Amino acid sequence: MLVLITYDVNTETAAGRKRLRKVAKQCTNYGRRVQNSVFECILDNAQCITLKAILEDIIDESVDSLRFYYLGNKYQTKVEHMGVDRGIPVDDTLIL
């Protein structure tokens, strides 16, 4: 399923900036960045649970926030894009 993950990490302190980098790195491991704090991830249920647990351990719930939007398997009809696209689509084949 396609899961859209957005986050807002308070970066007023060095610890906050470190949390921001950690959240972004974990999201990059599971999907692609489509905007500064927005990632599209194709995940199965187990991966989704794992990623949520990892991110929950990183953030400080008193000052940071995470949002998960579950767009399902038929997400192509639910996503509309205008303007510059970042990188390769999350569901496209990548050959190295």
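This text follows the structure it describes.
Here goes a summary of the coordinates provided. (Residues numbered from 1 in each chain as written. Predicted model: local features only at pLDDT ≥ 70, side-chain atom pairs only at ≥ 80, totals over all residues. Heavy atoms only, no water.)

Points about the state of the cysteines
- Applying the stated rule across the entire model yields zero disulfides.
- Left without a disulfide partner, C27 is nearest to the cysteine sulfur of C41, which lies 5.8 Å away.
- The exposure class assigned to C27 is buried, which follows from its relative accessible area of 0%.
- For C48, which is in no disulfide, the shortest distance to another cysteine sulfur is to C41 and amounts to 8.7 Å.
- Accessibility expressed as a relative area gives 4% for C48, which makes it buried. (Disulfide = S-S within 2.5 Å. Buried < 20%, exposed > 50% of the residue type's maximum accessible area, 1.4 Å probe, protein only.)

Topic: the pairing of strand β1 (residues 2-8)
- Of all seven residues making up β1, five are buried, and the element is well covered by its neighbours.
- Looking at chain direction, β1 and strand β3 (residues 38-42) are connected through five bridges and run antiparallel. Its bridge partner lying in β3, T6 is registered against V38.
- In this structure, β1 lies alongside strand β4 (residues 65-72), joined through seven bridges in antiparallel fashion. Of the residues in β4, the one forming a bridge with L2 is G72. (Helix = DSSP H or I, 4+ residues; strand = E, 2+ residues; numbered from the N terminus. Pairing = 2+ DSSP bridges.)

Digging into the pattern of salt bridges
- The tally for this structure, following the rule as stated, stands at two salt bridges.
- R19 serves as the salt-bridge partner of D64, at 2.6 Å between the closest nitrogen and oxygen. Here D64 is found in the loop between α2 (45-58) and β4, whereas its partner R19 is found in helix α1 (residues 14-30), with 45 residues between them in sequence. The pair D64 / R19 is uniform in exposure class, with both members buried.
- Among the ionic pairs, E40 bridges to R32, the shortest N-O distance being 3.5 Å.
- A relative accessible area of 13% means that E40 is categorised as buried.
- The class of R32 is buried, set by a relative accessible area of 13%. (Salt bridge = Lys/Arg side-chain N within 4 Å of Asp/Glu carboxyl O.)

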